[in-house]
Each structure stands twice: as C-alpha cells, then as structure tokens.
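Coordinate analysis (summary)
One-letter residues, chain by chain:
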Amino acid sequence: MQHQSERLSEHLLDVSEKIKKLESSTFSRKRWPRRGAVSWILFLALLLIVGWLMRFSFDVIHQQRSYAFEREAEVLSQRVVERLSHYKYLALSVHGFLLGSELVERSEWDDFLAAQRLESRFPHLASVAFAFNADAPRSTHYRHEITLLEEMELRSWRYENGQRRSHNQQWAGFPVVYVTPFDDYFIGLDLSSLPGFTRELLKPRKDPALHTGVDLMLQRATTLSYSLPFYHREVPDVVEGIVLVSFFADKVFAEFRRTRLDLGWELYQGRQDDPDWIVYDTDTIPFVEYEQEPDFARDIQLSYGGQQFLLKVHAPKGWTVPVINERMPYYVGGIGLIFSLLVLAISWALEHTRERALTIAERMTEELRYVNYLLSEMATTDSLCQLANRRRFLERLEQEVNRYQRYQDHFVLILFDLDHFKQINDTHGHPMGDLVLQNIGRILKESTRVTDLPARIGGEEFGVILPNTDLKTGQLVAEQIRTQIAQLQHQLAGTSVQCSASFGVVGTESMTTISSEGMMQQADKALYAAKAAGRNCVHTAAL
C-alpha cells in the first residue's frame, strides 16, 4: 500500500509539472480573429434584455398608475353617492314624520327639525319644505287650522320670469306650508309652477327623486333637490303633499374637490357631458374643452334617485402617483448597463483563456485516466502480495457465476490456507511472515494464466478463479501450486523457513445449484477437509 501511494504521489508531481509547461506554451499561441466574437454577441444580447426590462418597467408603472386611477375613480364615485345619500335620508325622515302625524303644526315642525340638528349634520342644506295639495281633501285643515296661514291670509303664488305672481284663485297647485330655514317669502309658493316639476314626480314611490329643476331659489346649476310625495291614508290615489329637500351641490362636493391623488372630475345630469347640465366641476376649464387628452380618463354612469348622472374623472398630463417610484426604469437601465459591461469584461477574459484551458484539458485527460487507473488498482489490489483483494475476488466470482448461468462455461474455484503461518510470525517475526506472503503471491502469478484471477482473501488465506476450466484441470493446478509452495525456501537475514498449504477445490461440474455463496461454502468445506486429512494436500468438494 505504501509503495503504491509513493508511485501515485510521484505521478501527480509529474502531472503538475506538465500543466505548468502547457500554460507557458499556450500563451504564445494567439488566434485573434476567433476571440471576442462571443463576448460581443453576449453583450448585445444583454443590452436587448436590459432594454426589454426597461420597457417592462415602464409598462408596470403605467399599469400601476392605471390601477391607482381606477381605484381612486371608484372611491370618488362612492363618495359622490354617499353625499347624495346623506341628504336623501333627511327627506325620508321628514316624509316619515309627516305620515305619522294627523295634522302638523308649526311648532311640531320646528321641534322635529331641531332634533335633526340640521346645522351640524347638514351644513350645506339650502331648504327643507313641505307643500300640500290644494285639491286634497285635508287641505281645508291646513287652511283653517294652521295659525300662520290664517293670520297672514296668504295666497298661493308662483314664479314668472323670476318674479313673484299670484294665482288667479285663492288656493292652487302645491303651495308651500313650512320651509326651513324659515323665510316668509317662500311660504305659499306653488311648487308645480317651478321648472322641472312634472306629474312623474307625483307617482307613488318609496325613495325620493333627485333632480335639479325643482328649486325654490331657481338656482338649478348649483342646487340639487330631493322630492317625495305622500298620500292620503284612506284614499291612496290622492297626493296630499310633497316633501322637498334642497342642498348646494358646489358646497357639498367642494369638500373633496381634489381627490387624494389630485384627479379632476365633473358631474353631469344625464348621460352626456353637456355643459348646460353640469352639476359640479373641479376645474375652471371644463374637461370637454381641454386641448390635450389626459393620460387617464374614465366615464362612470351613476343612477340615483331616479336620475342618471355622468361622472367624468380624468388625470392631467404627466400625472404621477406618489407611492410609485417613477425612476425605477432608469435604475434598471443603469444597473443593467453596468452588469452588461462587467459580463463583457469577464467573457472577454474567459475567451482569452479558453484555448489555453482546452489544450490543458486535452492533455490532462490522459493523465487523469492513468491516475484513475492507479486509484482503481489501489482499491482492488492487495499491496503486500500485489494480488487482487477480497472485494475484487468476490466481484469476479459473481461475474463467472453469471457467465456460467448464461453460456454454461465451466470454471473452478480454489481456496487454500497456509499451514501454521502464525508460528512463523511468532517465531521469526512479522518481516519473515510478510516475505512468505510476498513469495506466495509471486508463485500464484507465475502459476496462473492471464485470464485467471489469483487473490489474497485475508490473512494467510488465498484464492484462485480459473475460467473455462474443468474440475480435473483445476485439481492439477492446485497440486502444482501446493508443490511449489512446499518446496520454496524463504530466507531473511540468514534465516530460512518452509511452509505448506491446504487446498480446497470446487468446480461447477460438482454442484447442482451454482451461486457465488454456494461455491465459497463448498470450497471452504473442502479446505477444512484437507486440514483434517493432515494438511499440505488438495481436497476436492464431493459431487
């Protein structure tokens, strides 16, 4: 083992010296036309990838902007509906109050509205009004029993060209009975004479109708109103009166004139962006008059209170989202360019060393094959006797068994053990014992063919595999080896010793079932039979 290790070390030193010589000789050869082409191709490919990544980053930022815009537009539409609903609930409350009372007096009206805390809950309220139907059966109760009307002897009136004009008859249409904030000027105003008042508003419904036409102060562009009729308890087809709740649209929506992301928006009545029907606009210049189309725009159709509204949301040119890093594509491009240049430099250096590495690799292949061969020999060879070891012996035996089972090629297995070898070690020392084992190995190599496999199985036990051999020939070979061992004189430092060996022989002809384990057992039995017969003899396994 030590001898083989020394041989392997010497060979590895030789390989190292050869590598150094190859490195020095390779540098002297230059093939400039072949160098650099792969590096530049790789560099251009990386630049294309960097360009694609920058484009992708711009697209991602655009998508994030679009998503932020859409989300903000949805939030804006929800806030618009919430503002409209806020005053709708007031109309429903007044309607329920009037339905629950037989006859509402002014004091009851004032107490009810005081409980609603109008100034704090509805700061942009224009008016809350109740008008009765002059033709309804209970209208006489309002004319004769409401103190305010009796004392002022009011008559119903209407607007004509923005001026107050009395009806031809004392009571007509839908005169206002109560109005808050209180203003005597609006008491008695006939709601049916106002622009936008139609018979459609008197149809039975559960929710208030939202419109811009019915307004006490004729400010239809800035005021929105809810109206809700209520009917006689006993005569459901008769409208007894109308509840009207008006609020200033510009003040209501001014609370969120600009959105969180600074978007502009307009609210139109109807489905078209007609400037004549605009309800609210965040900009002094309407969106329809912009010379440049905005980057992002969306039209949202809202249906509320029986009316259709168009909410136009838009973002100005160059609009950005604070949470998005707009410089990210440029960061990607800069980092990508630096990385591409670094890869170009590394690839250029690698290409310059490629030829040298290939030459060294070709020369090293042969050297490594030889080194692998030496390592394989070390793993399967007994270093003392220079014979195969037990592992290689058993692998070869298994191969021969497989070959016999396939091709019926007979072979012979010989096992032998040195007689009284321990006494040689004890009497003459281990150096003499090692010499004896080395001489036995030499005898086995000289007495066997190239196709045979002699091996040291362990200690003083040896084995030989004889392929394509019958049992009779195997016995002759075993007898020849036994004779040479018995006649050999082992001399060391003036001391001479002799030894003998006991042999066990088994062949495939002497066995009915062939296996490596079975043959080892039969050969071992024959070996012990030879020892029992007096040693220094050959014994064959019985058929």
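Relevant structure appears above.
Residues numbered from 1 in each chain as written. Predicted model: local features only at pLDDT ≥ 70, side-chain atom pairs only at ≥ 80, totals over all residues. Heavy atoms only, no water.

Attention now goes to the nonpolar core. Counting 50 residues, the largest nonpolar core has W109, F253 and W265 as the members making the most contacts within it. Counting residues in hydrophobic clusters, the runner-up holds 29 residues, among them C385, M432, V436 and L471. (Core = buried A, V, L, I, M, F, W, Y, C linked by side-chain atoms within 4.5 Å. Buried < 20%, exposed > 50% of the residue type's maximum accessible area, 1.4 Å probe, protein only.)

Attention now moves to the environment of L387. Among the secondary structure elements, L387 is positioned in strand β13 (residues 387-388). When the C-alpha atoms of L387 and I457 are compared, they prove to be 9.4 Å apart, with 70 residues separating the residues in sequence. (Helix = DSSP H or I, 4+ residues; strand = E, 2+ residues; numbered from the N terminus.)

This part covers the sheet that holds strand β5 (residues 209-211). Strand order in this open sheet of 5 strands is β4-β1-β7-β6-β5, and the pairing throughout is antiparallel. Edge positions in the sheet fall to β4 (176-180) and β5, since each has one partner strand and no second. Taking each pair of neighbouring strands and ignoring which way they run, the sheet shows an average axis angle of 20°. Strand direction decides the pairing type here: strand β6 (residues 223-231) and strand β7 (residues 239-248), joined by 9 bridges, are antiparallel. Each residue of the ladder has a partner; that of L228, found in β7, is V243. Packing of helix α2 (residues 37-99) onto the sheet brings it into contact with β1 (125-132), β5, β6 and β7, and relative to β6 it is tilted by some 25°. (Pairing = 2+ DSSP bridges. Axes fitted to C-alpha atoms, helices over the stretch in contact; angles between N-to-C directions. Contact = heavy atoms within 4.5 Å.)

Of all 10 residues in β7, 10 are buried, a share of seventy percent or more. Relative to β7, β1 runs antiparallel, the two being bridged by 7 bridges. From the neighbouring strand, L125 faces β7, where its bridge partner is F247.

Another point: the side chain of S77. Position of S77 relative to the elements: it lies in helix α2. On the basis of relative accessibility, which here comes to 6%, the residue S77 falls in the buried class. When sequence neighbours within four positions are dropped, the list of residues in contact with S77 reads I300, L302 and L311.

For the coordinates displayed, the defined rule picks out 15 salt bridges. When the shortest N-O distance is used, the salt bridge between R391 and E395 registers 3.5 Å. Of the two residues, R391 and E395 are both situated in helix α9 (residues 390-407); the distance of 4 residues between them amounts to about one turn of the helix. Owing to a relative accessible area of 40%, E395 belongs among the partly exposed residues under this scheme. In this structure, D419 engages K531 in a salt bridge whose closest nitrogen and oxygen atoms are separated by 3.5 Å. Here the residue D419 occupies a position in the loop between β14 (411-418) and α10 (421-428), and K531 occupies one in helix α13 (residues 516-532), the gap between them amounting to 112 residues. Judged by its relative accessible area of 19%, K531 falls in the buried class. Connected through salt bridges with shared partners, the residues E70, E74 and R298 form a single ionic network. (Salt bridge = Lys/Arg side-chain N within 4 Å of Asp/Glu carboxyl O.)

Distances and angles like these do not, on their own, reveal function.
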